[in-house]
Every structure is written in structure tokens, then in C-alpha cells.
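One-letter residues, chain by chain:
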Amino acid sequence: MSLSGRVALVTGGTWEIGIATVSHLAAKGAQLIIPRRRQLELDAAIAEISGAMGIRADAGRLVDVDRLFAAIMARYGQLSVLILTLAAAR
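The written sequence of each chain sets the order in which its residues are numbered from 1. Since the coordinates come from a predicted model, pLDDT governs what is reported: local features require at least 70, and pairs of side-chain atoms require 80 or more to be given and counted, while whole-chain, interface and lining totals use all residues. Hydrogens are left out, water is left out, and the side-chain values use all remaining heavy atoms of the structure.

Q: Looking at this structure, how should I read the nonpolar core?
A: To form a nonpolar core, buried Ala, Val, Leu, Ile, Met, Phe, Trp, Tyr and Cys residues must be joined to one another through side-chain atoms within 4.5 Å. Relative accessible area decides the class of each residue, using a 1.4 Å probe on protein chains only: under 20% of the type maximum gives buried, over 50% gives exposed, and in between gives partly exposed. Within the largest apolar cluster, eleven residues are counted, these being Leu 3, Ala 8, Val 10, Val 22, Leu 25, Ala 30, Leu 32, Ile 34, Leu 42, Ile 49 and Ala 52. When residues of this core are traced back to their parent elements, those giving at least two are β1 (7-11), α1 (16-27) and β2 (31-36). Among residues more than four places away in sequence, those in contact with Ala 52 are Leu 32, Ile 34 and Ile 46. Counting residues in each nonpolar core, the second largest holds eight residues, with Val 7, Leu 9, Ile 55 and Ile 72 among its members. To qualify as a helix, a DSSP run of H or I must reach at least 4 residues; to qualify as a strand, a run of E must reach at least 2; elements of each kind are numbered from the N terminus. Whether two residues touch is decided by their heavy atoms; if any such pair falls within 4.5 Å, the residues are in contact.

Quick look at the structure:
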């Protein structure tokens, strides 16, 4: 199944199962958005996936989530796929 024209957000996309998920979606043609708290790790992940959009954001902070979705809507106008592969620790 092609995901061409679909926009996918993958939290935890720079770790283990998230990396596999991002790779699979990229191979299917999805436009990818990967949020990450640390810029260095985000830059490394984005370098691996052609055309992926990286946004520095902490999914545990509402202000970052609001900024993340605003950036997605500004660039793509839609979000087709949301995959959450991270766990919150408190």
C-alpha cells in the first residue's frame, strides 16, 4: 500500500521501534515528521531519512505539542498518520 501524499508523525522516531516504523513509512512514500527534545539526536535522525521534517519538541509539554501541530499544519495542511512509540516517564 502506498502512503504517497500522506503525512505521518512518529513520536519516538529516533529510537528502536520508532526507527523501524519511520523507515517503513518512508519506504511507502509518506512525508515524515519526527519530533525530538534534543537537537543533536534530531539532526542525526533527519540525516538518515530523506525529506523528513524534524521539529525540536517534547511530547510531554503541551506548549511544544501545540507548536508541533501548528508547524505540521503550516507546512502540509494535514496529518494523516499519528504513531506514538514513546513512553512517558515521571
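Q: What exactly am I supposed to notice about the pairing of β1 here?
A: Looking along a regular strand, one sees the side chains alternate between the two faces of the sheet. The buried count for β1 comes to five of five residues, which makes it a mostly enclosed element. Residues Val 7, Leu 9 and Thr 11 point to one face of β1 and Ala 8 and Val 10 to the other, with burial holding for every one of them. Sheet analysis places β1 next to β2, joined by three bridges and oriented parallel. Residue pairing in the sheet places Leu 9 in a bridge with Ile 33 of β2. As for the winding sense of the linkage, the β-α-β connection from β1 through α1 to β2 is right-handed. Should DSSP find at least two bridges between two strands, the strands are taken to pair. The crossover handedness rule: strands pointing away from the viewer, path from first strand over the helix to second strand clockwise, crossover right-handed.

Q: Looking at this structure, I do not really get the pattern of salt bridges. What am I missing?
A: A carboxyl oxygen of Asp or Glu within 4 Å of a side-chain nitrogen of Lys or Arg is what we treat as a salt bridge. Under the definition given, this model contains three salt bridges. Across the pair Arg 36 and Glu 41 runs a salt bridge whose closest N-O atoms are separated by 2.4 Å. Where Arg 67 meets Asp 64, a salt bridge forms, and the shortest distance between an N and an O atom there is 3.4 Å. Of this pair, Arg 67 and Asp 64 both sit in helix α3 (residues 62-75), three residues apart, roughly one helical turn. When its relative accessible area of 10% is taken as the criterion, Asp 64 is described as buried. Connected via shared salt-bridge partners are Arg 36, Arg 38 and Glu 41.

Q: Looking at this structure, I do not really get the sheet that holds β1. What am I missing?
A: Hydrogen bonding along the main chain pairs the strands of a sheet, whether they run parallel or antiparallel. Strand order in the open sheet made by the four strands is β3-β2-β1-β4, with parallel pairing throughout. The open sheet has two free edges, formed respectively by β3 (53-56) and β4 (81-84), since each of these has just one partner strand. Shown here is a sheet whose adjacent strand axes are inclined to one another by a mean of 20°, direction ignored. Pairing of β1 with β4, which is carried by four bridges, proceeds in the parallel orientation. Looking across to β4, one finds that Thr 11 is bridged to Leu 84. Of the strands in this sheet, β1, β2 and β3 are in contact with α3, which crosses β3 at around 150°. Structural elements are reduced to axes, namely lines fitted to C-alpha atoms, with helices fitted over the stretch in contact, and the angle between N-to-C directions of any two is expressed from 0 to 180 degrees.

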